[in-house]
Amino acid sequence: MVRLKYQAVVIGASAGGIESFKKLLEEIGDFLDIPVMIVQHIKKSKNSNLAELFSGMSGLNVREAAPNEPVLPATIYFAPADYHLAVEQGRTLTLLATEPINYSRPSIDVLFKTAAEVYRESLIGIVLTGSSHDGAEGLAQIRDLGGCTIVQSPDEAEYSIMPLAALKRVDTSFTGTIKEIADYLKKQLADTV
Amino acid sequence: MTDREIELENENIEVELLIEALVKKHGFDFRDYSRVHIKRRILEVKQRLRYESISMMIKDIIYDREFLNKLLLSFSINYTEMFRDPDVYLFMRNEIIDLLRTFPFVKIWHAGCSTGEEVYSLAIMLKEAGIYNKTQIYATDFNDKVLKMAEDGIYPIEYVKNYTSNYQQAGGKESFSDYYIADDNNVIMDSSLRKKVVFANHNLVTDGVFGEIHLIMCRNVLIYFNKNLQDRVLHLFKDSLCNGGVLCLGTKETIENSTAESDFETLDKKLKIYRLKY
């Protein structure tokens, strides 16, 4: 029987993030047959629906995460502005209107920690550019449960604070530029059948 | 299994037992709540009150009433704001108020009101529309402590800038500062805003219908419920509304795909405002 090693990807980004994961998704979009869940710190406004912004990207099924939705393969989920995104044991999504974590709602740590508990060693976590410490704790949880940890190289990141915080907390599986991360991911995803 | 995996497995067993203890000992039923949510709240309390394990908390749920109140408080506080999602309140001001105006007496149910920020928002809006005096608002929550906080209407002053901005975006034309008095740390909402509000205990999971309501507000409560419980509560709302009555949910909540969907028409798909069909 064929078994996929990696079953989900979670990505966290803050300041400067949209350009970064756009580039990343463009690179790896054709290879994605597993779900991708993304927390991008964003202020609530009329234009804060990232799913709408990215729905035009070819070949990708892009949605805003909604409560009780099953996590589907080859689908990209964005956390809505002003809600935490989390994953339940039964692989459905949950939104939380609880207090901000690391001054953020959505918080990367909330997604990473809950996804790690569900997917364990079959989860890939990626921390990209940002000027916050969010994501470092979550990435540590992914590592503790055997998942793959990736951080954008601080030199390339538009804002290096978040990658640096993650690197300080976690000895990552891989650190590199967006292009290098894309190549690494392609290899990981291809190797996992 | 790694140490962390064993720890997690133990934690998850303890969470299930804690939920069982709550329903068996006190009748508070969180079995159909999001497990992620309940577990995060339990761990928050565990850390804050320095419990060694969740098992120790279970003991106190059974033997220590004060601890139960602290735990329930953590379960029921939402981090909300006045006029949260100003577009929703703008829509109500422009579209719903005139509908309510046609009734000789208006009954509103604010279900799951938590610490009351949105109850005061609603009261302000009704007052400015000139229909507050013929309105009765039932503001309910399962937790007496948050109901007390809602009734007190005291909020940290650092939030007021945001409240004021929301109020203006929601179509507010008066000076928001007329609605509170401030001291160094807090604002206290004007008591006239509470005149037509009854704060009452009601548990959406276990309690029944409220009668002949014209407008139900229930925002960011259903997100914590699984599909079964969501369906139960939406039917409760359906049975509580009078024909043509309005239901306003949180902007990430929906009646779509629920068994009550066909009983409602959609007034605004994005803002999640519905109307019970005649």
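Numbering of residues starts from 1 in every chain and runs along the sequence as written. Lettering for chains starts from A, numbering for ligands starts from 1, and both go in the order in which the items are written. This being a predicted model, a pLDDT of at least 70 is required before a residue's local features are given, and a value of 80 or more before pairs of side-chain atoms are given or counted; all residues contribute to the totals for chains, interfaces and linings.

Peer 1: An account of the overall build of chain A is needed here, citing residue identities and associated values.
Peer 2: Where helices and strands are cited, they refer to DSSP runs of H or I of at least four residues and of E of at least two residues respectively, numbered from the N terminus. A count of helices and strands for chain A gives six helices and nine strands. Values of the radius of gyration come from C-alpha atoms, whereas the globule rule sets the reference at 2.2 Å times the count of residues to the power 0.38. In summary, chain A has a C-alpha radius of gyration of 15 Å against a globular reference of 16 Å for 193 residues, a match within 12%. Judged by the C-alpha coordinates and their principal axes, chain A covers about 45 × 35 × 30 Å. As a rule, residues whose C-beta atom has 12 or fewer other C-beta atoms within 10 Å are exposed, those with 20 or more are buried, and those in between are partly exposed; C-beta atoms are placed from the backbone. Residue burial in chain A is summarised as follows: out of 193 residues, 51% are buried. In this description, a residue-residue contact is defined by the distance between C-beta atoms placed from the backbone, which must lie within 7 Å. Residue pairs at least 24 apart in sequence account for 69% of intrachain contacts in chain A once pairs closer than 6 positions are excluded.

Peer 1: Explain the overall build of chain B to me, and be specific about the residues and the numbers.
Peer 2: What chain B contains, in helices and strands, is nine helices and 10 strands. Taking 19 Å as the expected radius of gyration for a compact globule of 278 residues, we find that chain B reaches 20 Å, a close match to that expectation. Principal-axis analysis of the C-alpha atoms gives chain B an extent of 60 × 50 × 30 Å. For chain B, with 278 residues in total, the buried portion stands at 41%.

Peer 1: Describe in detail the interface of chain B and chain A, supporting the description with residues and values.
Peer 2: Listed by partner, the interface residues are 17 residues for chain B and 20 residues for chain A. Within the residue set of the side of chain B that touches chain A, elements represented by two or more residues are α1 (3-26) and α2 (35-48) of chain B.

Peer 1: Describe in detail the environment of S48(A), supporting the description with residues and values.
Peer 2: Relative to the assigned elements, S48(A) resides in the loop between β2 (36-40) and α2 (50-54). Not counting residues up to four positions away in its chain, the partners in contact with S48(A) are I42(A), K43(A) and A81(A).

Peer 1: Before we move on, could you go through the pairing of strand β7 (residues 123-127) of chain A and cite the residues and values that matter?
Peer 2: Residue and element names in this part refer to chain A. In terms of burial, β7 is largely enclosed, as five of its five residues are buried. Of the two faces of β7, the one carrying L123, G125 and V127 and the one carrying I124 and I126 are both buried. In this description, strands pair whenever DSSP reports at least two bridges between them. Bridge count between strand β1 (residues 8-13) and β7: five bridges; the pairing is parallel. What sits directly across from I11, in β7, is I126. Direction of pairing for β7 relative to strand β8 (residues 148-152): parallel, over a ladder of four bridges.

Peer 1: Tell me about helix α4 (residues 136-144) of chain A, residues and numbers included.
Peer 2: Residues and elements named next belong to chain A. Taken across its nine residues, α4 has seven buried, putting it largely inside the fold. Taken together, the buried positions of α4 are A136, E137, G138, L139, A140, Q141 and I142. On its buried face, α4 is in contact with α3 (108-119), β7, β8 and α5 (161-169). Immediately beyond the C-terminal end of α4, within one or two residues, lies G146, with a positive phi of roughly 90°.

Peer 1: Please set out the packing of α2(B) against helix α4 (residues 65-76) of chain B residue by residue, giving values where relevant.
Peer 2: Angle between the axes and distance between the axes are the two parameters that describe a pair of packed helices. All names here are of chain B. It is at 9 Å that the axes of α2 and α4 come closest, and there the two elements cross at 135°. Regarding the angle of α2 to α4, the classification is oblique. Between α2 and α4 lies a crossing of right-handed hand. Only K70, L71, S74 and F75 of α4 make contact with α2, whose side of the interface consists of R41, E44 and V45. For this scheme, ten residues count as nonpolar: Ala, Val, Leu, Ile, Met, Phe, Trp, Tyr, Cys and Pro. Four count as charged, namely Asp, Glu, Lys and Arg, and the remainder, Gly too, count as polar. Grouping the constituent residues of the contact of α2 with α4 by class yields three nonpolar, one polar and three charged. Here, axes are lines fitted to C-alpha atoms. For helices the fit covers the stretch in contact, and angles between N-to-C directions go from 0 to 180 degrees. By the definition adopted for this analysis, an angle is roughly parallel if under 35 degrees, roughly antiparallel if over 145, roughly perpendicular if from 65 to 115, and oblique otherwise. Crossing handedness: left-handed means the near helix sits turned counterclockwise from the far one by under a right angle, and right-handed means the same turn made clockwise.

Peer 1: I'd like to hear about helix α1 (residues 17-28) of chain A, residue by residue, with values.
Peer 2: Residues and elements named next belong to chain A. Expected helix span is taken as 1.5 Å per residue step, with the number of steps being one fewer than the number of residues. If you check α1, its first and last C-alpha atoms are 16 Å apart, about what 12 residues at 1.5 Å a residue would give, namely 16 Å. Looking at α1, one finds that the buried residues are G17, S20, F21, L24 and I28. The buried residues of α1 occupy one face: seen down the axis, they fall within an arc of 80°. Comment: arc refers to directions from the helix axis out to C-beta atoms.

Peer 1: Give me the domain arrangement of chain B: which residues, what numbers.
Peer 2: All names here are of chain B. For chain B, the domain assignment lists domain 1 (3-76) and domain 2 (86-276). As annotated, the domain borders come from an automatic or database domain assignment. Summarising the inter-unit geometry, the C-alpha centres of domain 1 and domain 2 are found 29 Å apart. Contact residues are listed per partner, giving 10 residues for domain 1 and 13 residues for domain 2. Broken down by element, the residue count for the side of domain 1 that touches domain 2 peaks at four residues, all from α4. By residue class, the composition of the side of domain 1 that touches domain 2 is three nonpolar, five polar and two charged.

Peer 1: For the sheet that holds strand β6 (residues 197-201) of chain B, give the residues involved together with the corresponding values.
Peer 2: Residue and element names in this part refer to chain B. In space, the seven strands of this open sheet follow the order β6-β2-β1-β7-β8-β10-β9, with mixed pairing throughout. Two strands bound the open sheet, and with one partner strand each, they are β6 and β9 (264-268). Direction aside, neighbouring strands of the sheet carry axes that sit 20° apart on average. Bridge analysis of strand β1 (residues 106-111) against strand β7 (residues 213-218) gives three bridges, and the strand direction is parallel. Bridge pairing links I108 to L215 in β7. In the packing of helix α7 (residues 144-152) onto the sheet, the strands contacted are β2 (135-141) and β6, and the crossing angle to β6 comes to about 170°.

Peer 1: Mind laying out the sheet that holds β7(A), listing which residues take part and the relevant values?
Peer 2: All names here are of chain A. Judged by pairing direction, the sheet is parallel, and its seven strands sit side by side in the order β3-β4-β2-β1-β7-β8-β9 without closing on themselves. The outermost strands of the open sheet, each flanked by one partner alone, are β3 (61-64) and β9 (174-176). Each adjacent strand pair in this sheet contributes to an overall mean axis angle of 20°, direction not counted. The sheet strands contacting α1 are β1, β2 and β8, and the helix crosses β1 at an angle near 150°.

Peer 1: Break down unusual backbone geometry for me, with residues and values.
Peer 2: All names here are of chain A. Cis geometry is found at the peptide bond from R105 to P106, where omega equals 10°. Structurally, the position occupied by P106 is in the loop between β6 (93-96) and α3. Located in the positive-phi region is N102, a residue other than glycine, with phi close to 50°. Within the secondary structure, N102 is located in the loop between β6 and α3.

Peer 1: Talk me through the nonpolar core; I want residue IDs and the actual numbers.
Peer 2: Ranked by size, the top nonpolar core spans 122 residues in total, and within it I38(A), L85(A), L111(A), A115(A) and I216(B) carry the most contacts. When residues of this core are assigned to their parent elements, the largest contribution, eight residues, is made by α3(A). Leaving out residues up to four positions away in the same chain, L111(A) has contacts with V10(A), G12(A), M37(A), V39(A), A79(A), L85(A), A86(A) and G138(A). I19(B), M57(B), L71(B) and L72(B) belong to the second largest nonpolar core, which has 12 residues in total. Throughout this description, the term nonpolar core refers to a group of buried Ala, Val, Leu, Ile, Met, Phe, Trp, Tyr and Cys residues whose C-beta atoms join them within 7 Å.

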